[in-house]
Amino acid sequence: MQDKPSVSVSPLRAKLEHRSNPMVEALSRTPRVVPIVLFAVLVVAGLVLRGIVGGVLLTLAAAFVGWLAFLVWRQLTLPERLFRCAVLVLIAALAIVSYASDGLLG
């Protein structure tokens, strides 16, 4: 009889995965293009609107990318991880610039 490899999951990951299940199930029932379009709308609207509204929209887009990356991190290859991190950093930087353009950071 073979021993199953043990996979340890942190309490934070287990809690977040459990709480994310309803949202992930809802996303899986939508056509694949819907989350992509909604993400694109958040980013474009954030870039167009600028200021606090644009910053909030970009922060929401960054949170969405970060949440999805966290959920699938263990299944990703190194290039996929790097790409998701780059997208997350880029959107977060754009949000900071948007907040700064409204004088909120200094």
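Just above sits the structure.
Here the structure is a predicted model, which is why all the values come from computation and not from measurement. Throughout, a residue's number is its position along its own chain's written sequence, starting from 1. Whole-chain, interface and lining totals are the exception, using all residues; otherwise, since this is a predicted model, local features are given only for residues with pLDDT of at least 70 and side-chain atom pairs are given and counted only at 80 or more. Based on all heavy atoms of the structure, the side-chain values leave hydrogens and waters out of the count.

J.: Talk me through the pattern of salt bridges; I want residue IDs and the actual numbers.
T.: A side-chain nitrogen of Lys or Arg and a carboxyl oxygen of Asp or Glu constitute a salt bridge if their distance falls within 4 Å. A complete count under the given rule lists two salt bridges for this structure. The residue Glu-17 makes a salt bridge to Arg-13 at a minimum N-O spacing of 3.1 Å. Within this pair, Glu-17 and its partner Arg-13 are both found in helix H1 (residues 11–29), separated by four residues, close to a single helical turn. Across the salt bridge formed by Glu-17 and Arg-74, the nearest N and O atoms sit 2.9 Å from each other. You can see Glu-17 sitting in helix H1 and its partner Arg-74 sitting in the loop between helix H3 (51–72) and helix H4 (78–101), a full 57 residues away along the chain. Relative accessibility thresholds used throughout: buried, under 20% of the residue-type maximum; exposed, over 50%; partly exposed, between the two (1.4 Å probe, protein chains only). Residue classification places Glu-17 among the partly exposed positions, given a relative accessible area of 23%. Taken together, the shared-partner salt bridges connect Arg-13, Glu-17 and Arg-74 into one network. Secondary structure follows DSSP: runs of H or I at least 4 residues long count as helices, runs of E at least 2 residues long count as strands, and numbering of each begins at the N terminus.

J.: Account for H4, naming residues and giving values.
T.: Multiplying 1.5 Å by the helix residue count minus one yields the expected span of that helix. Given a rise of 1.5 Å per residue, 24 residues ought to cover 34 Å, and the 34 Å separating the end C-alpha atoms of H4 matches this to within 8%. Taken residue by residue, H4 has Ile-91, Ala-95 and Ser-98 as its buried positions. If you follow the buried residues of H4, they end up packed against helix H2 (33–49) and H3. One or two steps after H4, the chain reaches Gly-103, where phi turns positive at roughly 80°. Here a residue-residue contact requires only that any non-hydrogen atoms of the pair lie within 4.5 Å.

J.: I'd like a description of a nonpolar patch on the surface, backed by residues and values.
T.: Taken together, the side chains of Val-44, Val-48, Leu-49, Ile-52, Val-53, Val-56 and Leu-60 present a nonpolar region at the surface, about 620 Å² in accessible area. Contributing elements (two or more residues each) for the nonpolar patch: H2 and H3. Patch membership requires more than 30% relative accessible area and the absence of a salt bridge. Residues of like charge join within 9 Å; the nonpolar side chains Val, Leu, Ile, Met, Phe, Trp and Tyr join within 5 Å. The method behind every accessible area is Shrake-Rupley, applied with a 1.4 Å probe, and residues are considered shielded solely by the protein chains displayed.

J.: If you had to explain the environment of Arg-74 to someone new, which residues and values would you point to?
T.: Given the relative accessible area of 41%, Arg-74 is considered partly exposed. For the pair formed by Arg-74 and Ser-20, sequence separation is 54 residues and the distance between their alpha carbons is 16 Å. The definition of a polar contact used here is a pair of N or O atoms within 3.5 Å, where within protein one atom must be able to donate a hydrogen and the other to accept one, and adjacent residues in sequence count solely through side-chain atom pairs. Polar contacts involving the side chain of Arg-74 include one to the side chain of Glu-17, which spans 2.9 Å.

J.: Lay out the packing of H2 against H4 in plain terms, naming residues and giving numbers.
T.: Here, axes are lines fitted to C-alpha atoms. For helices the fit covers the stretch in contact, and angles between N-to-C directions go from 0 to 180 degrees. Close contact between H2 and H4 brings their axes to 10 Å; oriented N to C, the two are set at 30°. Note that H2 runs across H4; the crossing there is left-handed. Where H2 abuts H4, its residues Phe-39, Val-43, Gly-46 and Leu-47 lie against Val-87, Ile-91, Leu-94 and Ser-98. When grouped by side-chain class, the residues that make up the contact of H2 with H4 number six nonpolar, two polar and no charged. Two helices that cross are described as forming a left-handed crossing if the nearer one is turned anticlockwise from the farther one by less than a right angle, and a right-handed crossing if clockwise. Here the term charged refers only to Asp, Glu, Lys and Arg, the term nonpolar to Ala, Val, Leu, Ile, Met, Phe, Trp, Tyr, Cys and Pro, and the term polar to all other amino acids, Gly among them.

J.: Now, about H3: what can you tell me, with residues and values included?
T.: An ideal rise of 1.5 Å per residue puts 32 Å on 22 residues; H3 measures up with 32 Å between its terminal C-alpha atoms. All of the buried residues in H3 are Gly-51, Gly-54, Gly-55, Leu-57, Leu-58, Ala-61, Ala-62, Val-65, Trp-67, Ala-69 and Leu-71. Residues of H3 that are buried in the fold lie against H1, H2 and H4.

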